[in-house]
Amino acid sequence: MRKRVILVSGVPGVGKTRFAKALAKKLNGVYINVGEVALKNGFIKSFDAERNTYIVDLKKLRKWFNSFLKCMNKLIVLDGYYSPFIAPKTQVKKVFILRCHPSILKRRLAKKGYLKSKILENIEAELIDASLFEALKIYRKLPNKICELNTTKQKVSKLVNEALKQLKSKKGVFGEIDWIKKLSKEGKLKKFLNLIKR
């Protein structure tokens, strides 16, 4: 079976959408944003006011995507934190987990107008490798499909070129990004840990 789905995941602000759109264009594929599909089709269970976020209905998203997949012959680039949860593993070629230095991520999310609580939640998720661990739980028997990309101060074109190389590889690339170690070396770890505790 030809694998024709590429997943792009990561916390908000790491650059998923720009990267996923550029990769889809380079591969002459179809770009899909999971969040937009969920909102447009009403695949929402509820709204978490405290966390200022929608709780999506993964079951309905999976059903929608499987139907879409059946009538689509082109390669699909699926963009969104929940992308690893909805695409059938047999159809997935690679899972790109985008990462970003917490200092830069903090600035990006503030610029996007995120609430302070939401910024801290996402910084914490990035610090503890949440996106990577979620993907590894789902693809624990297929770790070769997972590839982390560090978007920190990287041009989208360079990231796309790296992704193209990884798509040809049968190996997974992950576990090399350690923000806690990096922040510790920079003398910023205590500051970030204190932010998260508040």
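To start, this report covers the structure provided alongside it.

## A word on helix α7 (residues 130-138)
Here is step 1 of the chain: Regarding α7, the residues found buried are A130, S131, L132, A135, L136 and I138.
Here is step 2 of the chain: Looking at the buried positions of α7, the neighbouring elements they touch are α4 (83-86), β6 (92-99), α6 (116-127) and β7 (146-150).

## Considerations on the packing of α6 against helix α10 (residues 189-197)
Here is step 1 of the chain: Where α6 meets α10, the closest approach of the two axes is 9 Å, and the angle between their N-to-C directions is 130 degrees. If you check the angle between α6 and α10, you find them oblique. Crossing geometry of α6 relative to α10 is assigned as left-handed. Counted together, L120, I123, E124 and L127 of α6 and F192, L195 and I196 of α10 form the full contact between these two elements.
Here is step 2 of the chain: A per-class count over the contact of α6 with α10 returns six nonpolar, no polar and one charged.

## Observations concerning the side chain of S131
Here is step 1 of the chain: Along the chain, the position of S131 falls in helix α7.
Here is step 2 of the chain: Those residues in contact with S131 that sit more than four places away from it in its chain are G10, V11, Y81 and I97.

## Considerations on the environment of C147
Here is step 1 of the chain: If you trace the backbone, C147 turns up in strand β7.
Here is step 2 of the chain: By relative accessible area, C147 is classed as buried at 1%.
Here is step 3 of the chain: Spatially, the C-alpha atoms of C147 and G175 are 9.3 Å apart, while their sequence positions differ by 28 residues.
Here is step 4 of the chain: Not counting chain neighbours up to four residues away, the residues in contact with C147 comprise K94, V95, F96, I97, Q166 and V173.

## Here's the deal with the nonpolar core
Here is step 1 of the chain: Within the largest apolar cluster, 37 residues are counted, with the highest numbers of intra-cluster contacts made by F19, L23, F96 and L149.
Here is step 2 of the chain: It is helix α8 (residues 156-168) that contributes the most residues to this core, six residues altogether.
Here is step 3 of the chain: Ranked by size, the runner-up nonpolar core spans 28 residues in total, among them I32, L61, F65 and V92.

## Focus: the packing of aromatic side chains
Here is step 1 of the chain: Summed over all chains, the structure comprises five aromatic pairs.
Here is step 2 of the chain: Taking 5.6 Å as the distance between ring centres and 90 degrees as the angle between the ring planes, the aromatic pair formed by Y81 and Y82 counts as edge-to-face.
Here is step 3 of the chain: The class of Y81 is partly exposed, set by a relative accessible area of 26%.
Here is step 4 of the chain: Given the relative accessible area of 30%, Y82 is considered partly exposed.

## Thoughts on the pattern of salt bridges
Here is step 1 of the chain: Within this structure, the stated rule accounts for seven salt bridges.
Here is step 2 of the chain: In this structure, D129 engages R99 in a salt bridge whose closest nitrogen and oxygen atoms are separated by 2.7 Å. Residue D129 is found in the loop between α6 and α7, and its partner R99 is found in strand β6; the two are separated by 30 residues along the sequence. With respect to burial, D129 and R99 carry one shared label: buried.

Reading guide: rules and limits
Residues numbered from 1 in each chain as written. Predicted model: local features only at pLDDT ≥ 70, side-chain atom pairs only at ≥ 80, totals over all residues. Heavy atoms only, no water. Buried < 20%, exposed > 50% of the residue type's maximum accessible area, 1.4 Å probe, protein only. Helix = DSSP H or I, 4+ residues; strand = E, 2+ residues; numbered from the N terminus. Contact = heavy atoms within 4.5 Å. Axes fitted to C-alpha atoms, helices over the stretch in contact; angles between N-to-C directions. Parallel < 35°, antiparallel > 145°, perpendicular 65-115°, else oblique. Left-handed = near helix turned anticlockwise from the far one by under 90°. Nonpolar A, V, L, I, M, F, W, Y, C, P; charged D, E, K, R; others polar. Core = buried A, V, L, I, M, F, W, Y, C linked by side-chain atoms within 4.5 Å. Phe/Tyr/Trp six-rings, centres within 6.5 Å; stacked < 30°, edge-to-face > 60°. Salt bridge = Lys/Arg side-chain N within 4 Å of Asp/Glu carboxyl O.

Purely geometric numbers; function is a separate question.
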